[in-house]
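Analysis of the macromolecular model
Below are the chains, spelled out letter by letter.
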Amino acid sequence: MSIGSTIKKIRREREMTQEQLAEYLGITANAVSQWECDRTAPDISQLPMLARVLRVTTDQLLGVDFDKDEAEIERILDESFDFYRAGQIQKAVEVARDGLKVYPNSFRLMARLAENLVGVKGCEEEMEGLCDKILKECTESRPREHAYRLKIVLCGQRGQYKEVRKLAENLPHVWASQEDLLIRFYREDSEKHRMELVEYAKHYLHGLTLCLKNIAAFSGYSAEEKIRILMQMIEMIRLLHPEDDFLSEAVVLVHAYLKTAELLVSLGKYDQALEAFEEMCKYAVYSDCHNGANTSPAFRGYHEGPRHSDERLFCRDELLPIIMNHPSFDPLQSHPRYIKVMETLQNPRKG
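Bear in mind that the values here come from a model prediction, so they are computed numbers and not experimental data. (Residues numbered from 1 in each chain as written. Predicted model: local features only at pLDDT ≥ 70, side-chain atom pairs only at ≥ 80, totals over all residues. Heavy atoms only, no water.)

As a further point, take the overall build of the chain. What the chain contains, in helices and strands, is 18 helices and zero strands. Relative to its 351 residues, the chain shows a buried fraction of 40%. Within the chain, contacts between residues separated by at least 24 positions form 60% of all contacts whose residues are at least 6 apart in sequence. With the model as given, the accessible surface of the chain reaches about 19700 Å², and the carbon-plus-sulfur share is 53%. A gap of 2 Å separates the mean positions of the 47 positive and 57 negative side-chain charges of the chain. (Helix = DSSP H or I, 4+ residues; strand = E, 2+ residues; numbered from the N terminus. Buried < 20%, exposed > 50% of the residue type's maximum accessible area, 1.4 Å probe, protein only. Contact = heavy atoms within 4.5 Å. Areas by Shrake-Rupley, 256 points an atom, 1.4 Å probe, with all protein chains shown as cover. Lys, Arg positive; Asp, Glu negative; His and termini not counted. Charge placed at Lys NZ, Arg CZ, Asp CG, Glu CD.)

See the structure below:
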């Protein structure tokens, strides 16, 4: 690949126009055009500045193993993502970190590492730093969108809701999203496109369940109405998973049943609350123990792998503290059914 072709390729990847690149370099757009058409070439004294503007090394600019580097970055991204989907979060983090040591200017690797660090104890500052660097220096849309999403996750966890809305306004509306447009206007009778639609369906199902959960939290609803909304959400998830292959949706069921149990306790319906509590436990144990793919028709072939490991279990390390610090369940604490659930959550993989 000639240097002109390399400049053109990198410039487009950075989503720069010839005019923008020329302005950064203090030259004319016509000069950039001449380079990219291989009619002329940059002077050797211009290469360091050109490399800085395009955020590559001069070796990459000159085409030295450029394609090989891109292929290796892609391999590292795939390896890290495979570990992440298999629930091996620490390994996923290690692979992405090691990759960044070799390719420190790869914003895609930064975004992958930041994603891997979500929820990893003690790594919030590192994750936020990666996102800030991407938003400050990167002009590629995908890493920037990734960074915005992860910043929003952090702000949401902190209860910084005004900042969530402010950051979200930098992202496309759902009707302008890749997923929405491909669902509406693209048709291809292939397994690849079917799995693409399955991915989208899982995403939208998760979004819809979150909407219903948040709707049920509004103060304008009575406890009975909130319970009805939560049960509708639960039934929708069950309907789409007739073979009980819930995968990550099990966590949604857990929180829906937990809230339902809390509301039932507030109504003094303790027996029904205990039933909801037991259902919550069933799906929580499933969340920690499942390892496979969806087999129900709509989602057949979608694979997630385990989301938790023996080092950090959802039941023991995330759910139990929530319940134990929740005074709403005090009236149930002495009941044998409640005690049995708590024992199961302490060791979900027993036997």
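Once you've had a look at it, read on.
Across its 25 residues, helix 13 (residues 191-215) extends 36 Å between first and last C-alpha, which sits within 8% of the 36 Å expected from 1.5 Å per residue. For helix 13, the full list of buried residues reads H193, V198, Y200, K202, L205 and T209. Looking at the buried positions of helix 13, the neighbouring elements they touch are helix 12 (178-185), helix 14 (223-240) and helix 15 (249-266). (Expected span 1.5 Å × (residues − 1).)

Another aspect to go through is the packing of helix 13 against helix 15. Contact pair helix 13 / helix 15: the axes reach a minimum separation of 11 Å and the direction vectors enclose 10 degrees. One finds that helix 13 runs roughly parallel with respect to helix 15. Each of K202, L205, H206, T209 and K213 in helix 13 lies in contact with helix 15, whose residues at this interface are E249, V252 and H255. Grouping the amino acids of the contact of helix 13 with helix 15 by side-chain chemistry returns two nonpolar, three polar and three charged. (Axes fitted to C-alpha atoms, helices over the stretch in contact; angles between N-to-C directions. Parallel < 35°, antiparallel > 145°, perpendicular 65-115°, else oblique. Nonpolar A, V, L, I, M, F, W, Y, C, P; charged D, E, K, R; others polar.)

Bringing the nonpolar core into the picture now. Across soluble globular proteins, nonpolar side chains have a tendency to be buried as a group. Counting 40 residues, the largest nonpolar core has F277, M280, L319, I323, F329, Y338 and L345 as the members making the most contacts within it. Those elements giving two or more residues to this core turn out to be helix 14, helix 15, helix 16 (270-289), helix 17 (314-324) and helix 18 (336-346). Examining the composition of this core, we find that 11 residues originate from one element, helix 15, more than from any other. For F329, the residues in contact, after removing those within four places along its chain, are L258, A261, E262, V265, F277, I323 and Y338. I76, A114, L130 and C138 belong to the second largest nonpolar core, which has 34 residues in total. (Core = buried A, V, L, I, M, F, W, Y, C linked by side-chain atoms within 4.5 Å.)

It is the contact of helix 2 (residues 18-25) with helix 3 (residues 29-36), at a shortest axis distance of 8 Å, that shows an interaxial angle of 110 degrees. Classed by the angle they form, the pair helix 2 and helix 3 counts as roughly perpendicular. At the point where helix 2 passes helix 3, the crossing takes the right-handed sense. Contacts between helix 2 and helix 3 pair Q18, E19, L21, A22 and L25 from the former with A29, V32, S33, W35 and E36 from the latter. Each residue belonging to the contact of helix 2 with helix 3 can be placed in one class, and the counts come to six nonpolar, two polar and two charged. (Left-handed = near helix turned anticlockwise from the far one by under 90°.)

For the rest of this paragraph, the subject is the side chain of R112. With respect to the helices and strands, the residue R112 is situated in helix 8 (residues 107-116). For the buried R112, which has no salt bridge, the nearest side chain bearing the opposite charge is E115, at an N-O separation of 4.9 Å. A distance of 3.0 Å separates a polar atom in the side chain of R112 from a polar atom in the side chain of N116. Beyond its immediate stretch of four places on either side in the chain, R112 contacts L77, S80, F81 and Y84. (Salt bridge = Lys/Arg side-chain N within 4 Å of Asp/Glu carboxyl O. Polar contact = N/O pair within 3.5 Å; in protein donor to acceptor, adjacent residues only side chain to side chain.)

On the surface, a cluster of nonpolar side chains totalling about 450 Å² of accessible area is made up of V174, W175, I183, L197 and Y204. Tracing the backbone shows I183 in helix 12. What makes I183 partly exposed here is its relative accessible area of 32%. (Patch = residues over 30% accessible without salt bridge, like charges linked within 9 Å, V, L, I, M, F, W, Y side chains within 5 Å.)

For the rest of this paragraph, the subject is the packing of aromatic side chains. Evaluated as defined, the whole model comprises five aromatic pairs. With a centroid separation of 5.3 Å and an interplanar angle of 90 degrees, the aromatic rings of F246 and Y283 are classed as edge-to-face. Of this pair, F246 sits in the loop between helix 14 and helix 15 while Y283 sits in helix 16, and the two are 37 residues apart along the sequence. In terms of burial, F246 and Y283 fall into one category: buried. Judged by centre distance (4.9 Å) and plane angle (15 degrees), the ring pair of F277 and Y338 falls under stacked. Note that F277 is positioned in helix 16 and Y338 in helix 18, a separation of 61 residues in sequence. Y338 matches F277 in its accessibility class, with the two residues each being buried. Chaining the aromatic ring pairs together yields one cluster made of F246, Y257, Y283 and Y286. A cation over a ring is seen here: K202 above F299, with NZ or CZ 4.9 Å from the ring centre. (Phe/Tyr/Trp six-rings, centres within 6.5 Å; stacked < 30°, edge-to-face > 60°. Lys NZ or Arg CZ within 6 Å of the ring centre and 35° of its normal.)

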